[in-house]
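Below are the chains, spelled out letter by letter.
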Amino acid sequence: MDFPITRLRRLRRTETLRRMVRETRLHPDHLIQPYFVIPGKDEKKPISSMPGVFQLSIDHLVKEAQLSAEAGVPGVILFGIPSKKDKEGSAAWSADGIVQRATKALKDKVPGVAVIADVCFCEYTDHGHCGVLVDGQVDNDETLENLGKQAISLAEAGVDIVAPSGMMDGMVGAIREALDENGHEQLPIMSYAVKFASAFYGPFREAAESTPAFGDRKGYQMDPANAREAMREAALDASEGADILMVKPALAYLDVLSELRETFEHPVAAYNVSGEMAMIEAAAKNGWIDRERAILETLTSIRRAGADMILTYWATEVARWLNK
Ligand code: PBG
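Residues numbered from 1 in each chain as written. Predicted model: local features only at pLDDT ≥ 70, side-chain atom pairs only at ≥ 80, totals over all residues. Heavy atoms only, no water.

**Comments concerning the packing of helix 2 (residues 58-70) against helix 3 (residues 98-109)**
Consideration 1: It is at 10 Å that the axes of helix 2 and helix 3 come closest, and there the two elements cross at 45°. Considering the angle they form, helix 2 stands oblique to helix 3. Judged by the twist between their axes, the crossing of helix 2 over helix 3 is right-handed. Seen from helix 2, the contacting residues are Ile-58, Leu-61, Val-62, Ala-65 and Gln-66; seen from helix 3, they are Ile-98, Arg-101, Ala-102, Ala-105, Leu-106 and Lys-109.
Consideration 2: Tallied by class, the residues present in the contact of helix 2 with helix 3 amount to 8 nonpolar, 1 polar and 2 charged. (Axes fitted to C-alpha atoms, helices over the stretch in contact; angles between N-to-C directions. Helix = DSSP H or I, 4+ residues; strand = E, 2+ residues; numbered from the N terminus. Parallel < 35°, antiparallel > 145°, perpendicular 65-115°, else oblique. Left-handed = near helix turned anticlockwise from the far one by under 90°. Contact = heavy atoms within 4.5 Å. Nonpolar A, V, L, I, M, F, W, Y, C, P; charged D, E, K, R; others polar.)

Okay, structure coming up:
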């Protein structure tokens, strides 16, 4: 049926009609709040490139996570900045490591919140790469062994989900095996299955103090040009037992996210990364865009492309808006 019988504007006439035909919804349940945890007490250090985001000591983390849970956000993801770094990143699997301690505090004080822990070494190595270096390259298979140790240690601390983000081949299988052998067969793995070597991680590296000391991550993270390879990455992680598949970053990769949604039955997550946040914050600060509308439009686009869950630095704030 063509115009003038068909008039698509009829259902756009009032906000009530628009509400009734809205296809995509954003709910606090869809959001995950990332936090950066540092050693010490009463520390709350702003990150200049991420307005409103702080490096938090555990006492502050607990307070923030309480507010986040009150707003209805179901999960938090933790990134730890250890007091000591070494060439292997061994602080990552220490029983009293920063994320392990933060997890125990959260499980104790905010029991309802799902604690997700990033499983990677870039914050823990003195060279800032995501694994063990052999001849100046991140060695895949040696790194796998350490990933297993880190995952077990986080499981013992009580995390609800582990999220490997280092883009090592076989990382999901290695972590699954290590967890199962140690009685953690119920712990889910949220794999950063499709993670691109992106310029949009810039601000995060300031926040997590994880900039590589030399070179870049292009030898393990994906080439932004490749969508077919992204499906192979996701298929490999699915076959190794990933419970949730993530695409990262979100905005420049909505096509990949949408294809992943079509291809797999797994829950799909998308990471609205630091650089995506920084762009909107900077433009809003200059008065160039409406901050609240731009944020909601951004998160809605990620949902529309197929994400069941969105990791976003705006999670708590947006959950409050949605509860209004
Ligand atoms: C690696 C990791 C990174 C991010 C999450 N986990 C950074 C990287 O690969 O350099 C980026 C998140 C963001 O930019 O918000 N552990």
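**Some points on helix 10 (residues 291-304)**
Consideration 1: Look at helix 10: 20 Å from first C-alpha to last across 14 residues, which is about the 20 Å you get at 1.5 Å a residue.
Consideration 2: When we look at burial in helix 10, the residues that qualify are Ala-294, Ile-295, Thr-298, Leu-299, Ser-301, Ile-302 and Arg-303.
Consideration 3: The secondary structure elements touched by the buried residues of helix 10 are strand 1 (31-38), helix 8 (254-263), strand 11 (268-272), helix 9 (274-285), strand 12 (309-312) and helix 11 (315-323).
Consideration 4: Structurally, the start of helix 10 carries an N-cap: the backbone nitrogen of Glu-292 is 3.2 Å from a side-chain oxygen of Asp-290. (Expected span 1.5 Å × (residues − 1). Buried < 20%, exposed > 50% of the residue type's maximum accessible area, 1.4 Å probe, protein only. Polar contact = N/O pair within 3.5 Å; in protein donor to acceptor, adjacent residues only side chain to side chain.)

**Re the nonpolar core**
Consideration 1: Counting residues in hydrophobic clusters, the biggest one holds 106 residues, and the most contacted among them are Phe-36, Leu-78, Met-190 and Val-194.
Consideration 2: Residues within four places of Val-194 in sequence aside, it is in contact with Met-222, Ala-230, Glu-233, Ala-234, Met-246, Val-247, Lys-248, Val-256 and Leu-260. (Core = buried A, V, L, I, M, F, W, Y, C linked by side-chain atoms within 4.5 Å.)

**A word on the pattern of salt bridges**
Oppositely charged side chains are able to pair whenever their charged atoms sit close together.
Consideration 1: Following the criterion strictly, the structure yields 9 salt bridges and no others.
Consideration 2: Note that Asp-180 is salt-bridged to Arg-176, the shortest N-O span being 3.0 Å. Of the two residues, Asp-180 and Arg-176 both sit in helix 5 (residues 171-181), 4 residues apart, roughly one turn of that helix.
Consideration 3: Judged by relative accessible area, Asp-180 falls into the partly exposed class, the value being 35%.
Consideration 4: Residue class for Arg-176 comes out buried when judged on its relative accessible area of 14%.
Consideration 5: Among the salt bridges present, the one from Arg-291 reaches Glu-317, with a minimum N-O distance of 2.8 Å. Of the two residues, Arg-291 is situated in helix 10 and Glu-317 in helix 11; the sequence distance between them amounts to 26 residues. (Salt bridge = Lys/Arg side-chain N within 4 Å of Asp/Glu carboxyl O.)

**Things to note about the site of the ligand**
Consideration 1: Residues in close proximity to the ligand total 19 residues, the closest being Arg-205, Gln-221, Lys-248, Ser-274 and Tyr-313.
Consideration 2: Between the ligand and the protein, one listed contact pairs a nitrogen atom with a side-chain N or O atom of Asp-118 at 3.0 Å.
Consideration 3: Measuring from an oxygen atom of the ligand, one finds a side-chain N or O atom of Tyr-313 at 2.6 Å.
Consideration 4: When isolated, the ligand has an accessible area of 410 Å², and the protein chains bury 100% of it.
Consideration 5: Elements with a minimum of two residues in the shell around the ligand: strand 9 (190-195) and helix 6 (202-208).
Consideration 6: In the shell around the ligand, the residues fall into 10 nonpolar, 3 polar and 6 charged. (Near = heavy atom within 4 Å. Areas by Shrake-Rupley, 256 points an atom, 1.4 Å probe, with all protein chains shown as cover.)

**With respect to the pairing of strand 10 (residues 244-248)**
Consideration 1: By the criterion of burial, strand 10 is predominantly enclosed, with 5 of the 5 residues buried.
Consideration 2: Every second residue of strand 10 is oriented toward a common face, with Ile-244, Met-246 and Lys-248 on one face and Leu-245 and Val-247 on the other, all of them buried.
Consideration 3: Where strand 9 meets strand 10, 4 bridges bridge the pair, whose relative direction is parallel. Each residue of the ladder has a partner; that of Lys-195, found in strand 10, is Lys-248.
Consideration 4: Note: strand 10 against strand 11, 3 bridges, orientation parallel. In the sheet register, Leu-245 faces strand 11, and the bridge partner there is Val-268.
Consideration 5: The parallel pair strand 10 and strand 11, bridged by helix 8, forms a crossover whose chirality is right-handed. (Pairing = 2+ DSSP bridges. Right-handed = clockwise from strand over helix to strand, strands pointing away.)

**Let's talk about a nonpolar patch on the surface**
Consideration 1: Taken together, the side chains of Leu-11, Met-20 and Val-21 make up a nonpolar region of the molecular surface, amounting to roughly 300 Å² of accessible area.
Consideration 2: Its location among the elements puts Leu-11 in the segment before helix 1 (15-20).
Consideration 3: Leu-11 gets classed as partly exposed once you look at its relative accessible area, which sits at 45%. (Patch = residues over 30% accessible without salt bridge, like charges linked within 9 Å, V, L, I, M, F, W, Y side chains within 5 Å.)

**What about the packing of helix 4 (residues 140-157) against helix 5?**
Consideration 1: The interhelical angle for the contact between helix 4 and helix 5, taken along N-to-C directions, is 50°, at an axis separation of 8 Å. Accordingly, the angle class assigned to the pair helix 4 and helix 5 is oblique. In this structure, helix 4 crosses over helix 5, and the sense of that crossing is right-handed. Listed contacts from helix 5 to Leu-144, Leu-147, Gly-148, Ala-151, Ile-152 and Ala-155 of helix 4 are Met-171, Ala-174, Ile-175, Ala-178 and Leu-179.

**Comments concerning the environment of Ala-282**
Consideration 1: Along the polypeptide, Ala-282 turns up in helix 9.
Consideration 2: Separated by 198 residues in the primary sequence, Ala-282 and Lys-84 have C-alpha atoms spaced 33 Å apart.

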